[in-house]
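Report on the structure
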Amino acid sequence: MRIYNGFSVSNGIVYGKVVTLFYEKNFIQDKISDNEKEREIIRFENLLSSYLEVDRVKVDDKKLENLLNVHIELIDDPFLKDTVKNKILIENKSLEKAIEETFGHICFELNNLDSDYMRDRIYDYISIQDEFIRDLTSDEEIEIYENKFILFTENLSPKIIEKYKERLIAIVSKNGGRTSHASLYAKNLQIPYIICDSLDFQELKNKNFDCILDCNQEKIFLNPDDETINIYKKLLKSSQKEFLDKNIVRTKNNRYVRVCSNISSFEEFEVSLKNGTDGCGLFRTEFLYMSSESPTEEYQFKIFKKLAQSTDKPIVIRTFDIGADKKSKFFRLDEEKNPFLGLRGFRIYKEFYKELRKHLRAILRASAFGNIKIMIPMITTLDEVLWIKNEILKIKDELREEKIDFDENIEFGIMIETPASVFLFDILVKEVDFVSIGTNDLVQYMLACDRENSKMQQLYDCYDPSVIRSIHRVVDIAHRNGKIVSMCGNFASELDAVELLILLGIDEFSVTNDVLQKIKKKIKLFDHNNYLDFFDNINKFKTGRSVINYFDNK
């Protein structure tokens, strides 16, 4: 038995047969003669054509389609194409060598960026390069005949997951990042996945062996011994007996707390429903605008209607939150020195007024088919709230005239993610039915630190007393006005934060699929009697560490 340590992308424990997807690295010619250049350019054009036209994955869910085809979007880049051609025409490089050097340069540049998210794009480019080189060197596609298996592969792509997802019980890759597109896809499908850079895939190829993957402990057991197998079989048996709580759970003090899901597609919501979600606390609509074409009102309506008809549970649709870190091919926004402080969320709505109207009409029409709510992102002022509410009223009048059904009492909410919305909340609360706290942005604005800058991670602290006081203020004002408070930022998905957020009064957690049941379990175990001195301490906390220490000592 050999034991390896890695880092987990998604949780779970599995035991099964391993299939290793390994491709031999073929010799790559470096230089070509002048009379071979035209041939290499034609080979490159044919390669691009096969990816940009023939090889595109088509599925009903457009967000999923964009995710599966993200490599195609990266390939269809003028810089990449021109660089490869110039290396052939000017430097006399073979096509394979030109691709290798171009992708190496792109990865080098990405690695020098401060953003972890952008650095994780390296793994997307590596998997594209591998696919290109395999196609060009005529490697035959490896066939996998196992019915259910743990996949070992050097580089993971969304296409590999899509191809084998019905048979995959887990994944191990040598390369990867937590926010690569493949990782996000595996996580949302709840496929246990570990990245381990110490595995030797050359050694593992063509070998049959069993494996235990413990993503919770971030360990891989190759050819586990009988004692380890028996330990994990008992562990798996007991976990399978765990009751899946499909009801709204309550604390030991009889306080009900909803646990809903953050989702971006109908497929993700189906997984959530199987996991016992209490509804959708955040449906991201940005995926509708990832292509260069405007999504029609009818297309959007069908997506929202399908969601609404799938359950009687509440579904909160956040209007498109484009800008800053959320780029869109359709909304061509100017480059900004400080994009997080520029046009994003609500702030682009007046500029793209026609798109907003189509978007709101589709949501309102779908509200006739289920429990849909509207939520507006990036609110800073009262005028913004009044303006968007007035636009919704206008559209309601239009729909009545057109005799189109909608929910006359559809609930209206806003996201609290700016310091201004926190300190104006006693005014804003009068205009809304509910609010959701977006901690990802609230923390970075409250502490004036870029959440994607790795050098700022020490300062980016959800437990900072300024953040805790902000959450407490919002909840206190909301409850005094009879309004519900949800939290949909990453902080809501942190298991260690559950007790704190319950004490602060959060009514609804909106979380990722992989922690949904774990959050429910922690809520059921919560006993307010263990924290009777919390509010005596809330204004005494001086650092984020002091907040954590309070709970560690309980």
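Since the structure is predicted, the reported quantities are computational estimates derived from the model, not experimental observations.

**Considerations on the pattern of salt bridges**
- Scanning all chains against the criterion turns up 34 salt bridges.
- Glu40 is paired through a salt bridge with Arg43; the nearest N and O atoms lie 3.1 Å apart. One end of the pair is Glu40 and the other is Arg43, both in helix H1 (residues 37-54) and three residues apart, which spans about a single turn.
- One salt bridge in this structure joins Glu398 and Arg361, with 3.2 Å as the shortest N-O distance. Within this pair, whereas Glu398 is found in helix H15 (residues 382-401), its partner Arg361 is found in helix H14 (residues 353-366), the two being separated by 37 residues in sequence.
- Here Glu398 falls in the partly exposed class, since its relative accessible area comes to 24%.
- Here Arg361 falls in the buried class, since its relative accessible area comes to 12%.

**Section: the environment of Lys350**
- With respect to the secondary-structure elements, Lys350 resides in the loop between strand S12 (315-318) and H14.
- Its relative accessible area of 53% is what places Lys350 among the exposed residues.
- It is 9.8 Å that separates the C-alpha atoms of Lys350 and Trp387, two residues lying 37 residues apart in sequence.

**Observations concerning the pairing of strand S4 (residues 149-153)**
- In terms of residue burial, S4 counts as a mostly covered element, since five of its five residues are buried.
- Side chains Phe149, Leu151 and Thr153 project from S4 onto one buried face, and the interleaved Ile150 and Phe152 project onto a second face that is buried too.
- Two elements, strand S3 (residues 13-21) and S4, share four bridges in a ladder whose sense is parallel. Looking across to S4, one finds that Val19 is bridged to Leu151.
- Crossover connection from S4 via helix H8 (residues 158-164) to parallel strand S5 (residues 168-173): handedness right-handed.

Definitions and limits used
Residues numbered from 1 in each chain as written. Predicted model: local features only at pLDDT ≥ 70, side-chain atom pairs only at ≥ 80, totals over all residues. Heavy atoms only, no water. Salt bridge = Lys/Arg side-chain N within 4 Å of Asp/Glu carboxyl O. Helix = DSSP H or I, 4+ residues; strand = E, 2+ residues; numbered from the N terminus. Buried < 20%, exposed > 50% of the residue type's maximum accessible area, 1.4 Å probe, protein only. Pairing = 2+ DSSP bridges. Right-handed = clockwise from strand over helix to strand, strands pointing away.

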